[in-house]
Amino acid sequence: DVVNVQFSQTTTHNSYHFCDACNGYRVGAGQRNAFVYKIDNQELMFLIPDVHLKKFYISKNDSTMQSLILSDGTGDGDALHSPIFSPSRGRHDIALLNLHHTLEGHPHTHIVVVSRADMDLYINKWTNHVIMVLPESADHQGYGVYHYWIKRFAETNYRHERQRRSVPCWPFITILQDSCATWTMSTVPDPSAPVTRAEKTVSLRTVLCHIERTPELAKFAAVYTSYWRSTSKLTAPFDRGFTESVQLVNVDLARDVHFNKERHMNASLEFYRLLNYTGLVTCRFNLFKTQLRYLKSGGDVACSPDKVLPVSVYNPSTDTIAVSKLITVPDKAESLALPVPSHYLLECFLHQGASEVLFSTVPRSHPILQLECYFSLGETVNTVSATLQNLPSLTTEFGGLILYFSAQRLRSLQLSNLKFIPGAKLCLIARDREELREEIVRLDLEDSWRFRFRDEFKTSSKDKPIYFLTGTYV
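Everything numeric in this text was worked out from a predicted model, so none of it was measured.

It is not clear to me how the sheet that holds strand S17 (residues 327–328) should be interpreted in this structure. Could you clarify?
To summarise the sheet geometry, strands pair through backbone hydrogen bonds and adopt either a parallel or an antiparallel arrangement. On the basis of which strands lie adjacent, the open sheet formed by seven strands has the order S17-S22-S23-S21-S20-S18-S19 and mixed pairing. In this open sheet, the two strands that pair with only one neighbour each are S17 and strand S19 (383–386). Pairing between strand S18 (residues 368–371) and strand S20 (residues 397–404): four bridges, direction parallel. Following the sheet pairing, leucine 369 is matched in S20 by leucine 401. Strands in contact with helix H9 (residues 433–442) are strand S21 (419–430), strand S22 (449–459) and strand S23 (467–473); relative to S21, the strand with the most contacts, it is inclined by about 145 degrees.

Even after reading the chapter, I still don't get the environment of histidine 210, so can you show me in this structure?
The residue histidine 210 is located in helix H4 (residues 204–212) in this model. Here histidine 210 falls in the partly exposed class, since its relative accessible area comes to 36%. Along the backbone, histidine 210 and phenylalanine 288 are 78 residues apart, and their C-alpha atoms lie at a distance of 9.8 Å. The residues contacting histidine 210, other than those within four sequence positions of it, are Phe285 and Phe288.

How do you make sense of the environment of lysine 325 when you look at a structure like this?
Positionally, lysine 325 belongs in the loop between strand S16 (320–321) and S17. In this structure lysine 325 comes out as partly exposed when scored by relative accessible area, which is 35%. Linking lysine 325 and threonine 459, residues 134 residues apart in sequence, is a C-alpha distance of 8.7 Å. With residues up to four places along the chain from it excluded, the contact list for lysine 325 reads Ser312, Val313, Leu336, Leu338 and Ser460.

Explain the pattern of salt bridges to me, please; I cannot follow it from the model alone.
Side chains bearing opposite charge may pair, as long as their charged atoms lie close to each other. Following the criterion strictly, the structure yields 20 salt bridges and no others. Measuring nitrogen to oxygen at the nearest pair gives 2.8 Å for the salt bridge that ties arginine 152 to glutamate 155. Of the two residues, arginine 152 and glutamate 155 are both situated in helix H3 (residues 144–165); the distance of three residues between them amounts to about one turn of the helix. Glutamate 155 matches arginine 152 in its accessibility class, with the two residues each being buried. Between aspartate 455 and arginine 452 there is a salt bridge; the shortest N-O distance is 2.9 Å. Residue classification places aspartate 455 among the buried positions, given a relative accessible area of 13%.

I tried to follow the nonpolar core on my own but got confused; where do I start?
If you look at soluble globular proteins, the nonpolar side chains tend to sit buried side by side. In this structure, Leu44, Phe46, Ile111, Met132, Leu134, Phe153 and Leu275 are the most contacted members of the largest nonpolar core, which totals 42 residues. It is H3 that provides the largest number of residues to this core, a total of eight residues. Core analysis: the next-biggest nonpolar cluster, separate from the first, contains 31 residues, Val313, Leu338, Ala354 and Cys373 among them.

Whenever I open this one, H9 confuses me. Can you help?
Residue pairs three or four apart in sequence face the same way in an α-helix, which turns once every 3.6 residues. Looking only at H9, the buried set comprises Glu435, Leu436, Glu439 and Ile440. One side of H9 holds all its buried residues, which, seen down the axis, span an arc of 140 degrees. The exposed set on the far side of H9, more than 90 degrees from its buried face, consists of Glu434 and Val441. For H9, the elements touching its buried residues are S21, S22 and S23. At the N-terminal boundary of H9, the capping side chain belongs to aspartate 432, with an oxygen 3.2 Å from the backbone nitrogen of glutamate 434. Downstream of H9 by one or two residues, aspartate 444 has phi in the positive range, about 50 degrees.

What should I look at first to understand the pairing of strand S1 (residues 32–39) in this one?
Residues in a regular strand point their side chains to alternate faces of the sheet. Side chains Asn33, Phe35, Tyr37 and Ile39 project from S1 onto a buried face, and the interleaved Arg32, Ala34, Val36 and Lys38 project onto a face without burial. Pairing geometry for S1 and strand S2 (residues 42–49), over eight bridges, is antiparallel. Looking at S2, one finds that valine 36 is bridged to methionine 45. Here S1 folds back onto S2 in antiparallel fashion, the turn holding two residues, of which aspartate 40 has a positive phi close to 55 degrees.

Definitions and limits used
Residues numbered from 1 in each chain as written. Predicted model: local features only at pLDDT ≥ 70, side-chain atom pairs only at ≥ 80, totals over all residues. Heavy atoms only, no water. Pairing = 2+ DSSP bridges. Helix = DSSP H or I, 4+ residues; strand = E, 2+ residues; numbered from the N terminus. Contact = heavy atoms within 4.5 Å. Axes fitted to C-alpha atoms, helices over the stretch in contact; angles between N-to-C directions. Buried < 20%, exposed > 50% of the residue type's maximum accessible area, 1.4 Å probe, protein only. Salt bridge = Lys/Arg side-chain N within 4 Å of Asp/Glu carboxyl O. Core = buried A, V, L, I, M, F, W, Y, C linked by side-chain atoms within 4.5 Å. Arc of directions from axis to C-beta. Polar contact = N/O pair within 3.5 Å; in protein donor to acceptor, adjacent residues only side chain to side chain.

Dropping the structure here:
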């Protein structure tokens, strides 16, 4: 295939890039050392080439890996303090994991995070990279599990390093998508000027050094960069917006907020939402923009329809999904059983079928309220995501409600204070049928919502389907 690319001397590269400058960066000369790191009774495996062993604290008594050595945030002004974690799935050969040029050859810590199923493929392609291998259970979970274990390791490691050294440690880690290609830096515009095009290509090292040296950075729980667009206009150098491209996460401040391991789509967006709703401060640096390269396989779309859904469900020629086949009636004698994660089917159904099936009769002027969760409901459905803390401030008349996995802290009195239009639709999502019935009783839903037996569904997954019930506001 022939594709258009923007060449830069500071771009990232995949495994097919060869040059004398980065040959030693890619190809290792020594052996690879394996260590097991236990968290929450789960085992992470670290495969560390000899040249990178000095970045880890290895116990002299039993030769176990105790921690990843962290910077104290001082020292050489050119040094990068934040270790870089790159989650990567299903694209060992095309993932942009060669950071030598974009980091301008400077020393750094880069850890590639892969599943147990992909481990051998990444080891063979990236012989000189540190590789963190997730527990076997991650092979059957969403892409959010990669971010979950990155953060769990980072916050556990931060705590161990603080105890071992008894000095302050740098609390940030960088989570870098494996499709990030180049970065640009914009100039602060004249407010009266038209669309701003004053920008130049910069390296990832320039971006990270600028962010890490920002005054009072430690008060932010997460920092992001913007996506590059041809028509982008720089209206403010900073805001609280979100993108998934480059994330600096403060594992000290964000220690009580976690990624959802089951999510296949929008896992980072869900994490960002939780950070803001818990009162933590985030910041997006609009001066820097990240250009992504389209990679045809793997990543957060490793469960893409053409790979996991049969032709009877997904039509590759028209790129359409038979939404009705993603779900089925629980007591149906013969129903489709797809060997696909149930959460993926749920997310697909909500994205593809929310406007066609669940909320087809709801006027767009009345948004759908999602409590304690966020799902993409497609482009035609107006939605609002909220937590229980900001329920009292909601005065809108909603056209529907989504309750995800029971929102255990929600009480019937809180729900009764919300306003819904007549005919509004409810979607109650639970792990099993018993939980569905328990939640109907606990929240007194039958006082205001009408339910019918035929409005109960489950995902068409072979193992552990997710159940949901729809109702109408009366």
